[in-house]
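Given next are the chains, with one letter for each unit.
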Amino acid sequence: MITIYKTKNYEELSRKTADIISAQLILKPHSVLGLATGSSPIGTYKELVRRCSEGTIDFSKVSTVNLDEYRGISGDNDQSYRYFMNTNLFDHVNIDKTKTNVPDGMATDSDAECERYDSVVSSMNGVDIQLLGIGHDGHIGFNEPCETFPKGTHVVKLTETTIKANSRLFASVDDVPREALTMGIGTIMAAKCVVLIASGKDKAEIVKKAFFGEVTPLIPASILQFHKNAILVADEDALSECNI
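Quick caveat: nothing in here was measured; it's all calculated off a predicted structure.

Draft legend 1. Seen up close, the pairing of strand 9 (residues 194-198). Of all 5 residues making up strand 9, 5 are buried, and the element is well covered by its neighbours. Side-chain alternation along strand 9 places Val 194, Leu 196 and Ala 198 on one buried face and Val 195 and Ile 197 on a second face that is also buried. Relative to strand 9, strand 6 (residues 129-132) is paired through 3 bridges, and the arrangement is parallel. Counted as the bridge partner of Leu 132 is Leu 196 from strand 9. Pairing analysis gives 5 bridges linking strand 9 to strand 10 (residues 230-235), with the strands arranged parallel. Looking at the pairing, Val 194 lines up with Ala 230 of strand 10. Handedness of the crossover joining strand 9 and strand 10 through helix 7 (residues 204-212) is recorded here as right-handed.

Draft legend 2. Representation of the pairing of strand 7 (residues 154-157). The alternating pattern of strand 7 places His 154 and Val 156 on a buried face and Val 155 and Lys 157 on a face that is not buried. Bridging between strand 7 and strand 8 (residues 179-182) involves 4 bridges; their strand directions are antiparallel. Note that in strand 8 the partner of Val 156 across the bridge is Ala 180.

Draft legend 3. Seen up close, helix 7. Buried within helix 7 are the following residues: Ala 204, Ile 206, Val 207, Ala 210 and Phe 211. Viewed end-on, helix 7 has its buried residues packed into an arc of 160 degrees, placing them on one side of the element. Looking at the buried positions of helix 7, the neighbouring elements they touch are strand 1 (2-7), strand 9 and strand 10.

Draft legend 4. Expanded view of the packing of helix 2 (residues 42-53) against helix 3 (residues 81-88). One way to put it is that helix 2 packs onto helix 3 with a least axis distance of 10 Å and a crossing angle of 40 degrees. In this view, helix 2 runs oblique relative to helix 3, as classed from their interaxial angle. Contact residues: Ile 42, Tyr 45 and Val 49 in helix 2; Phe 84, Met 85 and Asn 88 in helix 3. Looking at the contact of helix 2 with helix 3 residue by residue, the class counts come to 5 nonpolar, 1 polar and no charged.

Draft legend 5. Focus on the layout of surface pockets. When its volume is computed, the largest pocket comes out at roughly 710 Å³. If you go around the largest pocket, you meet 38 residues; those closest to its centre are Thr 37, Gly 38, Ser 39, Asn 166 and Arg 168. Of all the secondary structure elements, the ones that give two or more residues to the lining of the largest pocket are helix 1 (10-27), helix 3, helix 5 (160-166) and strand 9. In terms of residue class, the lining of the largest pocket is made up of 17 nonpolar, 15 polar and 6 charged.

Draft legend 6. Looking closely at the packing of aromatic side chains. In total, this model carries 4 aromatic pairs according to the counting rule given. For the pair Tyr 70 and Phe 170, a centre-to-centre distance of 5.8 Å together with 80 degrees between the ring planes defines the contact as edge-to-face. Of this pair, Tyr 70 sits in strand 4 (residues 68-70) while Phe 170 sits in the loop between helix 5 and strand 8, and the two are 100 residues apart along the sequence. Judged by relative accessible area, Phe 170 falls into the buried class, the value being 12%. Put simply, the rings of Tyr 70, Tyr 81, Phe 142 and Phe 170 pair up and form one aromatic cluster. The ring of Tyr 5 is capped by Lys 16, whose NZ or CZ atom sits 4.1 Å from the centre of that ring.

Draft legend 7. Spatial organisation of the sheet that holds strand 4. The 3 strands lie next to each other as 4-8-7, forming an open sheet whose pairing is antiparallel. Either end of the sheet is taken by a strand with one partner, and the two such strands are strand 4 and strand 7. The sheet shows a mean angle of 25 degrees between the axes of neighbouring strands, taken without regard to direction.

Draft legend 8. Examining the nonpolar core more closely. Core analysis: the biggest nonpolar cluster contains 32 residues, and Leu 132 and Leu 196 have the highest contact counts within it. For this core, the secondary structure elements donating two or more residues are helix 4 (110-122), helix 6 (185-189), strand 9, helix 7 and strand 10. At 4 residues, helix 7 tops the list of elements feeding residues into this core. Ignoring anything within four residues of it in the chain, the contact list for Leu 132 reads Ala 36, Leu 67, Ile 140, Ile 188, Val 194, Val 195, Leu 196, Ile 197 and Leu 224. One finds Leu 48, Phe 59, Phe 84 and Leu 89 within the second-largest nonpolar core, a separate group that totals 27 residues.

Calculation notes
Residues numbered from 1 in each chain as written. Predicted model: local features only at pLDDT ≥ 70, side-chain atom pairs only at ≥ 80, totals over all residues. Heavy atoms only, no water. Buried < 20%, exposed > 50% of the residue type's maximum accessible area, 1.4 Å probe, protein only. Helix = DSSP H or I, 4+ residues; strand = E, 2+ residues; numbered from the N terminus. Pairing = 2+ DSSP bridges. Right-handed = clockwise from strand over helix to strand, strands pointing away. Arc of directions from axis to C-beta. Contact = heavy atoms within 4.5 Å. Axes fitted to C-alpha atoms, helices over the stretch in contact; angles between N-to-C directions. Parallel < 35°, antiparallel > 145°, perpendicular 65-115°, else oblique. Nonpolar A, V, L, I, M, F, W, Y, C, P; charged D, E, K, R; others polar. 1 Å grid on protein atoms, 1.4 Å probe; cavity = no way out; pocket = protein on both sides within 12 Å on 5 of 7 lines; lining within 4 Å. Points joined across faces, edges and corners; volume = space filled by probe spheres on them. Phe/Tyr/Trp six-rings, centres within 6.5 Å; stacked < 30°, edge-to-face > 60°. Lys NZ or Arg CZ within 6 Å of the ring centre and 35° of its normal. Core = buried A, V, L, I, M, F, W, Y, C linked by side-chain atoms within 4.5 Å.

The following block contains the structure:
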């Protein structure tokens, strides 16, 4: 089942998504949040930081698990997803950083790190809300289009589409890592609630395919059509090709 919230713009989208997460934290202070990186959730994180500073919400008992991390980049690198989470959220709210989890991109044995990370997620008795963005090719996390839906955390080779999209954050496209560690589709689908956010006309085509088209691993986000509690928060531009 998919619930769709249509917003006027990115700012309203960010507030609506923050509303959903805030309600979760108020109802269950020790919630487990699955978090995402990239440009889409930045506005949501800013709104959560504002609400925490005002005392509206409390992160002191919250645990988090992030979707993914580049392989071969350390957590103190300003292009790592650990660094992103610290600078956009964790450094600005009253969260215990020992309860925040991001895959270790510098692990010498990536397969063992994937197994370790799955164990961390499993030990939390379920992610309460998993936040997602969506790539132009339909990827969620770093689960790229392929022939199957990967179940657990795994190493993935990034597609040229993803490398090009992410190159805006690096000095050049050559600096973008070619591999990443990512939660699998099975782990994402096990979350009690999944919230995917999409903004802009450049996401309109893939939003239509993912939520109103065929369910296929060639569009990884399409699996969310089978989730028991999936929420799509998208602005008018991102929903412009959908008849809603």
